[in-house]
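# Summary of the model geometry
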Amino acid sequence: MPNVPVAVVTGSNKGIGFSIVRALCHQFPGDVYVTARDPGRGQEAVKKLQEEGLHALFHQLDIDDLQSIRALRDFLKEKYGGLDVLVNNAGIAFKVHDTTPFAVQAEVTLKTNFFGTRNVCTELLPLVKPYGRVVNVSSMVSRLALGRCSGELQQKFRSDTITEDELVELMTKFVEDTKKNVHEKEGWPNTAYGVSKIGVTVLSRIQARMLNEKRKDDHILLNACCPGWVRTDMAGPKAPKSPDEGAETPVYLALLPSNADGPHGQFVSEKTVQTW
Ligand code: NAP
């Protein structure tokens, strides 16, 4: 098996993910994969990069689909014997004025942003090689939403001992509480996207802790980050940052040098560790 380093970015056919791939094509010494749930959109992105003189590869990945995640896992195992850089960027957000019932928005948003991202991690983290880098794209909104949770929930989400199972239970409870329309009474903020990103940030803290406990000698660094407010289909044309600017912090974390011992298990914005 050739020892070519490999980087994978989820949801990279457009937006910040596409710009992360573009930057990695320039800076990462190995193969870089655009992944997309729709192969047509993914190939189109590869072609666009080719026109810029950049060479990216493509593999299908729908993070809502466990079979699709496992197909990518098997491909990476077979072709590369693992993975060096994983950027979990894929995500969704309902528009502010969307009239879809809140409970549906909660279920759909959590399904992709939290449960989909978690499934990718469950399948791909064991493949990450020594000195690998993992970046989970969260949002500053996760911190704002945390501040609007009840004291009891805040304590749980800030805990250094919360387990992944406990986090999954809490994320599931949020969805169930919205269905019964008791989420606010139960201490949740009124934002499905915000809660989904609390899930991503806390998941990252837990995963980093697990790496410390189980694979300390592998020097893997895993962090959550916010790209800033970026002009994409998700955030609209009024945002101050271009997608390339939004890619800067995720790419910085994806390319932390092999002699770096941090950041690890942090929430990072503008290349700076934030308090959680
Ligand atoms: P975007 O332009 O809407 O792009 C989202 C990407 O995720 C698209 O490629 C989309 O694919 C993909 N995706 C959605 N669901 C997927 C699934 N189930 N499986 C695989 N891919 C899926 O949004 P963006 O602004 O670049 O956002 C990228 C990340 O940054 C997200 O996690 C977002 O929450 C986060 N973020 C963005 C901002 C901002 O201001 N833009 C701020 C903070 C955080 P399709 O083309 O097939 O839909």
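Preceding this section is the structure that the text describes.
All of the points below concern the structure found in this document. Bear in mind the structure is a predicted one, so any value in this text is a computation, not a measurement.

On to the site of the ligand. Within the structure, the ligand sits among 29 residues, and Arg37, Asn89, Tyr193, Val230 and Thr232 are positioned closest to it. Take Asn13: an N or O atom from its side chain is 2.8 Å from an oxygen atom of the ligand. Contacts to the ligand include Asn89, whose backbone N or O atom sits 2.7 Å from an oxygen atom. Relative to its unbound accessible area of 900 Å², the ligand is 95% covered by the protein chains. Its atoms largely coinciding with the cavity grid, the ligand occupies the largest pocket. Elements with a contribution of two residues or more to the shell around the ligand: α1 (15-27) and α8 (192-214).

We now examine the environment of Val182. Looking at the element boundaries, Val182 is found in the loop between α7 (164-179) and α8. With 91 residues separating them in the primary sequence, Val182 and Val273 have C-alpha atoms 34 Å apart.

Time to look at helix α6 (residues 151-158). Looking only at α6, the buried set comprises Leu153, Gln154 and Phe157. Buried residues along α6 cover an arc of 100° about the axis, so they all sit on one side. In α6, the exposed residues that point more than 90 degrees away from the buried face are Gly151, Glu152 and Gln155. Looking at the buried residues of α6, the elements they touch are α5 (140-147), α7 and α8.

The rules behind the values
- Note that residues are indexed from 1 along each chain, following the sequence as it is written.
- Under the rules for a predicted model, residues below a pLDDT of 70 receive no local features and side-chain atom pairs below 80 are neither given nor counted, while totals for whole chains, interfaces and linings still include all residues.
- Only heavy atoms go into the side-chain values, all of them from the structure, while hydrogens and water stay out.
- For this description, a residue counts as near a given molecule or strand if any of its non-hydrogen atoms is within 4 Å of it.
- Nitrogen and oxygen atoms within 3.5 Å of one another constitute a polar contact, given that in protein one can donate a hydrogen and the other can accept it, and given that sequence-neighbouring residues count only through two side-chain atoms.
- Each accessible area is a Shrake-Rupley estimate made with a 1.4 Å probe; only the visible protein chains count as cover when residues are assessed.
- Throughout, the protein atoms alone are placed on a 1 Å grid, and a set of points is a cavity if a 1.4 Å probe fits but cannot get out or a pocket if it is open with protein on both sides within 12 Å along at least five of seven lines; lining residues have an atom within 4 Å of a point.
- Criterion for pocket placement: a molecule counts as inside a cavity or pocket if more than half of its atoms are within 2 Å of its grid points.
- Only runs of H or I of at least four residues qualify as helices and only runs of E of at least two qualify as strands under DSSP, and these elements are numbered from the N terminus.
- Note on classification: 1.4 Å probe, protein chains only; a residue is buried when its accessible area is under 20% of the maximum for its type, exposed when over 50%, partly exposed between these limits.
- This arc corresponds to the set of directions leading from the helix axis out to the C-beta atoms.
- The contact criterion used is simple: two residues touch if any of their non-hydrogen atoms lie within 4.5 Å.

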